[in-house]
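Here is what each chain is made of, one letter per residue.
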Amino acid sequence: MHNTRKKKTSQTDALLRGLIAVSVGAVLLASALFFLVPRENAPTPPVDTSTETAPRVTLPANPYGPEDFEYRGEYLACTAGSAVLGVDVSAHQGQIDWEQVRQAGMEFAIIRLGYRGYTSGGVYEDEYARANLEGARAAGLKVGVYFYSQALDEGEARREAQFCVDLLEGEPLDLPVVFDWEYAGEDTRSADMTSNALMACTRAFCEEVKAAGYEPMIYFNPHIAENLLRLEELQEYPFWLAMYSDQMTWPHEVEMWQYTATGSVPGISGDTDINLWFSE
């Protein structure tokens, strides 16, 4: 004898399982359509435009490496390109015999015109500036100038540039007017200088110099370049690197390299900064 109640129960269970499967399928299909079909009133995520802007400007690579320099006698030479030797001087060197400097192989001089005090903030003329300009020119050296800056803002930087222009009195230069801003220590007026402030000062000085008909230049060491200056934004001006080594390891192109602050040059008493100008 068959159990008809058990058979009906099994059929009912099968029907329920079928309905559940169909319902689940419908839900999954609806969910898929919800994500695949856009809705007019659905919120859309913001567009990330950072990847759509122009690529960040990069600095040209330095064409010279450590293997491209060697000492020839007393001074470093570039073996892979054209570079000439020169000095930069201030009142710290005292009276200079410029004829001896030229005979020693120096071809140019960058002369300090003035400086801003790093405590009082006063602006002063270098006491040997005029004598050095006259003496270097008379000896046949190419001449440029620099100002030691401790400017805190754009206004101070412009006044420093105008100070240089006024002192030059329209005299032509062979080489640039250099903005030399340096960190002078924790107890100085510029101890808390920010990148934005220094960038504003640098641009202001260079703009004033250029407006007066001279070529501006920017002096820096690796620490200043890596922590305060954004060199990629200043590429319209030539760069002067202070890095004391007999090997060129700076990765970016520069026009001049101050490779020592303790050089010895006939005609100059004491330690002297010596530079290579890449003339190509």
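Whatever comes next refers back to the structure up there.
A brief report on the enclosed structure follows. (Residues numbered from 1 in each chain as written. Predicted model: local features only at pLDDT ≥ 70, side-chain atom pairs only at ≥ 80, totals over all residues. Heavy atoms only, no water.)

1. Description of the overall build of the protein
Reasoning step 1: Within the protein, the regular secondary structure consists of 6 helices and 11 strands.
Reasoning step 2: Of the contacts made within the protein by residues no fewer than 6 positions apart, 62% connect residues no fewer than 24 positions apart.
Reasoning step 3: In the form shown here, the protein has an accessible surface area of approximately 15900 Å², with 51% of it arising from carbon and sulfur atoms. (Helix = DSSP H or I, 4+ residues; strand = E, 2+ residues; numbered from the N terminus. Contact = heavy atoms within 4.5 Å. Areas by Shrake-Rupley, 256 points an atom, 1.4 Å probe, with all protein chains shown as cover.)

2. Quick word on helix α5 (residues 195-211)
Reasoning step 1: End to end, α5 covers 24 Å across 17 residues, agreeing with the expected 24 Å (1.5 Å per residue, within 8%).
Reasoning step 2: Burial in α5 covers these residues: Leu-198, Met-199, Cys-201, Thr-202, Ala-204, Phe-205, Cys-206 and Val-209.
Reasoning step 3: Close packing links the buried residues of α5 with β6 (142-149), α4 (154-168), β7 (177-181), β8 (216-220) and α6 (222-227). (Expected span 1.5 Å × (residues − 1). Buried < 20%, exposed > 50% of the residue type's maximum accessible area, 1.4 Å probe, protein only.)

3. Some words on the pairing of strand β9 (residues 239-242)
Reasoning step 1: Where burial is concerned, the two faces of β9 agree: the one with Phe-239 and Leu-241 and the one with Trp-240 and Ala-242 are both buried.
Reasoning step 2: By the bridge criterion, 3 bridges tie β8 to β9 in an arrangement that is parallel. When the bridges of β9 are listed, Tyr-219 appears paired with Trp-240.
Reasoning step 3: For the crossover from β8 across α6 to β9, the handedness is right-handed.
Reasoning step 4: Note: β9 against strand β10 (residues 256-263), 3 bridges, orientation parallel. In the strand pairing of β10, Ala-242 is matched with Gln-258. (Pairing = 2+ DSSP bridges. Right-handed = clockwise from strand over helix to strand, strands pointing away.)

4. Structural notes on empty space enclosed by the protein
Reasoning step 1: In this structure the tally under the stated criterion is 1 cavity of 30 Å³ or more.
Reasoning step 2: By volume, the largest cavity amounts to about 30 Å³.
Reasoning step 3: Every residue lining the largest cavity is listed: Phe-179, Trp-181, Leu-198, Thr-202, Ile-218, Tyr-219, Ile-224 and Leu-229.
Reasoning step 4: Where the lining of the largest cavity is concerned, the elements lending two or more residues are β7, α5 and β8.
Reasoning step 5: Looking at side-chain class alone, the lining of the largest cavity contains 7 nonpolar, 1 polar and no charged residues. (1 Å grid on protein atoms, 1.4 Å probe; cavity = no way out; pocket = protein on both sides within 12 Å on 5 of 7 lines; lining within 4 Å. Points joined across faces, edges and corners; volume = space filled by probe spheres on them. Nonpolar A, V, L, I, M, F, W, Y, C, P; charged D, E, K, R; others polar.)

5. A closer look at the packing of α4 against α5
Reasoning step 1: At a minimum axis distance of 8 Å, the contact between α4 and α5 shows a crossing angle of 30°. Between α4 and α5, the angle falls in the class roughly parallel. In this structure, α4 crosses over α5, and the sense of that crossing is right-handed. Facing Glu-154, Ala-157, Arg-158, Glu-160, Ala-161, Gln-162 and Cys-164 of α4, the residues of α5 in contact are Ala-200, Cys-201, Ala-204, Phe-205, Glu-207, Glu-208 and Val-209.
Reasoning step 2: The residue inventory of the contact of α4 with α5, partitioned by class, reads 8 nonpolar, 1 polar and 5 charged. (Axes fitted to C-alpha atoms, helices over the stretch in contact; angles between N-to-C directions. Parallel < 35°, antiparallel > 145°, perpendicular 65-115°, else oblique. Left-handed = near helix turned anticlockwise from the far one by under 90°.)

6. With respect to helix α3 (residues 129-138)
Reasoning step 1: Within α3, burial applies to Ala-129, Asn-132, Leu-133, Gly-135 and Ala-136.
Reasoning step 2: Buried residues along α3 sit against β3 (83-89), α2 (98-103), β4 (108-116), β6 and α4.
Reasoning step 3: Positive backbone phi, at 90°, marks Gly-140, one or two positions downstream of α3.

7. Concerning the packing of aromatic side chains
Reasoning step 1: Taken as a whole and judged by the stated rule, the model has 13 aromatic pairs.
Reasoning step 2: Aromatic pair Phe-179 and Phe-205: ring centres 4.9 Å apart, planes at 40°, arrangement tilted. Pair noted here: Phe-179 is in strand β7 and Phe-205 is in helix α5, with a separation of 26 residues, a long-range link. The same class applies to Phe-179 as to Phe-205, namely buried.
Reasoning step 3: By the ring-pair criterion, three or more aromatic residues cluster together here, those being Tyr-64, Phe-69, Tyr-71, Trp-257, Tyr-259 and Phe-278. (Phe/Tyr/Trp six-rings, centres within 6.5 Å; stacked < 30°, edge-to-face > 60°.)

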